Amino acid sequence: MKSYVLNIIQPVGEVPPPEVLEPIMARLAEVRRDLERQECWVFGRGLEQPEASTVVSMRGDEVIATDGPWTEGKEHIGGLAVIRVADLDAALKVAARFTQVTGLPIEVRPFQGEG
């Protein structure tokens, strides 16, 4: 088994209204329950908008924290899920389920150092 992170890529901007978002979230909950039954689900959660982020970095010998996203862009990682499946093909099948529900691109990335 190998662990993968599924990054849900969403556009910057307004969050969809409840009448649009609630049915999507309900379908995502079904996908999660199914993955839990298959013992593939490790963790998943939505993220706040990019402007809620803080970047910690070095300036010379000093550690500094600055508000806002590290990069500006039209899209951001809006949420993530960590799954544990047999291989990349299985991870891509799970990602397909997420993109079918959300209509959003899903980046599939394996963790380093596993199998």
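The model shown is predicted, which means the values in this text are computed figures rather than measured ones.

About the criteria used
- Residues numbered from 1 in each chain as written.
- Predicted model: local features only at pLDDT ≥ 70, side-chain atom pairs only at ≥ 80, totals over all residues.
- Heavy atoms only, no water.
- Helix = DSSP H or I, 4+ residues; strand = E, 2+ residues; numbered from the N terminus.
- Buried < 20%, exposed > 50% of the residue type's maximum accessible area, 1.4 Å probe, protein only.
- Pairing = 2+ DSSP bridges.
- Axes fitted to C-alpha atoms, helices over the stretch in contact; angles between N-to-C directions.
- Contact = heavy atoms within 4.5 Å.
- UniProt positions renumbered as here; feature names shortened; annotations may be inferred.

Caption draft 1: Expanded view of the side chain of Gln 49. One can find Gln 49 in the loop between strand S2 (41-46) and strand S3 (54-59). For Gln 49, a relative accessible area of 19% puts it in the buried group.

Caption draft 2: Summary view of the sheet that holds strand S1 (residues 2-11). Spatial strand order, S2-S5-S1-S6: 4 strands in an open sheet with antiparallel pairing. The two strands at the open ends of the sheet, each matched to only one other strand, are S2 and strand S6 (106-110). Strand-to-strand, the axes of this sheet are offset by a mean angle of 20°, without reference to chain direction. Sheet analysis places S1 next to S6, joined by 5 bridges and oriented antiparallel. Looking across to S6, one finds that Tyr 4 is bridged to Pro 110. Relative to S6, helix H2 (residues 88-102) is tilted by about 160°, and along the sheet it contacts S1, S2, strand S5 (75-85) and S6.

Caption draft 3: Representation of the UniProt feature "domain: YCII-related" (unreviewed entry) in the protein in the model. According to UniProt, the feature "domain: YCII-related" (unreviewed entry) maps to residues 19-102 in the numbering used here. For residues 19-102, helix accounts for 40% and strand for 35%, while the C-alpha atoms at its two ends are 14 Å apart.

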